[in-house]
Amino acid sequence: MSQGLSSCPSLRGVPRSGTTKQTPRSKEIASSLTSFAPRNDALTNIYSILYRHFGPRHWWPADTKFEVIIGAILTQNTAWVNVERAIENLKKEHLLSPKKLYNLDNKKLAELIRPSGYYNIKAKRVKAFLKFLFEYHNGSLKKLFANNLPDLRDQLLTVNGIGPETADSIILYAAGKPTFVVDAYTKRIFSRQGLISVSATYEETKKFFADNLPRSAKLFNEYHVLIVELGKNICKTKPECDVCPINASLRGVPTKSARRSKLRFKCGDCFAPRCARGSQ
Ligand code: SF4
């Protein structure tokens, strides 16, 4: 998946060892290339730009860890506003607890979560999670989350209807453990920037973030939702590059200053011509 260093758009114009006269500056750059610092810089710079632009997002909006899990299952293939309505229905009936939902009739559950769409399938998925929780962890989220991250992820992925994105959402936002959540926005935005391949898989994309960012649940939490904001409102199917904070922040930064501040990522390299023309 990963692009080779030579094809990374953020490195265009950087002198390479052996091709130009070696200066202290070019040696410094060459040494940073071998440690993959430029990628790291790109990801942390994009994070800072998005955070400055959108501010903290305070995600996930839920009163309890269990509510996060139910939300993570219900949000599959639907807008969040529909999930809110379904959760509200469960709250009104005082059913938002593992035991109460476990004992609830399937049809009644499906009816209550109808606003989230695909309600029969989602009711089965919620029930599958609860069956797993009660069979293997005595109905206790505390016991479930006591597993280390890889074990917890492996276990969640065995549950029918819980795929990688839902599992990672549960691990990050309910368990508070540092796993990066990848979604369609992540793939779209970062492939447009040339940082990942258009055909990168979920696991490849996740690894790219994990390898190039500090392993922090707080950072992963905020970064994912900032990506969602950008993808939902600006870097859409047809991107609005003119109002994009990344574009605005990097455009006009003199190359010299950008290099001095270790800003290897240059917007024009990534966005034109593919993205700015909205062809992706
Ligand atoms: S500049 Fe355009 S293509 Fe690049 S991230 Fe922003 S909206 Fe997306």
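Quick caveat, the model's predicted, so the values are computed rather than measured.

Trainee: Hey, could you run me through helix H7 (residues 119–137) in this one?
Mentor: Because each turn of an α-helix spans 3.6 residues, side chains separated by three or four positions end up pointing in the same direction. With 19 residues, H7 ought to run about 27 Å at 1.5 Å a step, and its terminal C-alpha atoms sit 26 Å apart, in line with that. The set of residues buried in H7 consists of Lys-122, Ala-123, Val-126, Phe-129, Leu-130 and Leu-133. The buried residues of H7 occupy an angular sector of 125 degrees when projected down its axis, which confines them to one face. Looking at the packing, one finds that the buried side of H7 touches helix H3 (65–74), helix H5 (98–103), helix H6 (106–112) and helix H8 (141–145). The first or second residue beyond H7 is Asn-138, which carries a positive phi of 55 degrees.

Trainee: How should I be thinking about the nonpolar core in this particular structure?
Mentor: As a rule of thumb, soluble globular proteins bury nonpolar side chains together. In this structure, Ile-69, Ile-73, Ala-86, Val-126, Phe-129 and Ile-170 are the most contacted members of the largest nonpolar core, which totals 55 residues. With sequence-adjacent residues up to four places away left out, Phe-129 is seen in contact with Ile-69, Ile-73, Val-159 and Ile-162.

Trainee: In this structure, what is going on with the confidence of the model for the chain? I would like to understand it.
Mentor: Low pLDDT marks stretches whose predicted atomic positions should not be read closely. Averaged over all residues, the pLDDT of the chain is 81; the fraction at 70 or higher stands at 74%. Contacts for the low-pLDDT stretch residues 1–39, under 50 throughout, to residues beyond four places or in other chains number 39 contacts. Low confidence marks residues 252–280, where pLDDT is under 50. Its contacts with residues over four positions away, or in another chain, come to 46 contacts.

Trainee: Please clarify how the environment of Lys-232 should be interpreted in this entry.
Mentor: Positionally, Lys-232 belongs in helix H13 (residues 217–233). Each C-alpha atom, one on Lys-232 and one on Tyr-185, is 7.5 Å from the other, the two residues being 47 residues apart in sequence.

Trainee: Sorry, what's going on with the environment of Val-68 here?
Mentor: Examined against the element boundaries, Val-68 turns out to sit in helix H3. Judged by the 22 C-beta atoms lying within 10 Å of it, Val-68 is buried. Through-space distance from the C-alpha of Val-68 to that of Ala-174 is 5.8 Å; in sequence the pair is 106 residues apart. Once residues within four sequence positions are removed from consideration, Val-68 is found in contact with Trp-60, Ala-62, Ile-170, Tyr-173 and Ala-174.

Trainee: Quick question: what am I supposed to make of the packing of H3 against helix H4 (residues 80–92) here?
Mentor: Each pair of packed helices gets described by two things: the angle between the helix axes and the distance between those axes. Where H3 contacts H4, the axes come no closer than 10 Å and their chain directions differ by 130 degrees. On the basis of their axis angle, the class for H3 and H4 is oblique. Where H3 crosses over H4, the handedness of that crossing is right-handed. Here H3 contributes Glu-67, Ile-70, Gly-71 and Leu-74 to the contact with H4, which in turn contributes Val-83, Ala-86 and Ile-87.

Trainee: Just checking my understanding: could you explain the environment of Cys-235 for this structure?
Mentor: With respect to the element layout, Cys-235 can be found in the loop between H13 and helix H14 (245–250). Exposure remark for Cys-235: the 25 C-beta atoms within 10 Å place this residue in the buried category. Contacts of Cys-235, omitting those with residues within four sequence positions, involve Arg-188, Ile-189, Arg-192, Leu-230 and Cys-244.

Conventions and cut-offs
Residues numbered from 1 in each chain as written. Predicted model: local features only at pLDDT ≥ 70, side-chain atom pairs only at ≥ 80, totals over all residues. Helix = DSSP H or I, 4+ residues; strand = E, 2+ residues; numbered from the N terminus. Expected span 1.5 Å × (residues − 1). Buried ≥ 20, exposed ≤ 12 C-beta atoms within 10 Å, placed from the backbone. Arc of directions from axis to C-beta. Contact = placed C-beta atoms within 7 Å. Core = buried A, V, L, I, M, F, W, Y, C linked by C-beta atoms within 7 Å. pLDDT = per-residue confidence, 0-100. Axes fitted to C-alpha atoms, helices over the stretch in contact; angles between N-to-C directions. Parallel < 35°, antiparallel > 145°, perpendicular 65-115°, else oblique. Left-handed = near helix turned anticlockwise from the far one by under 90°.

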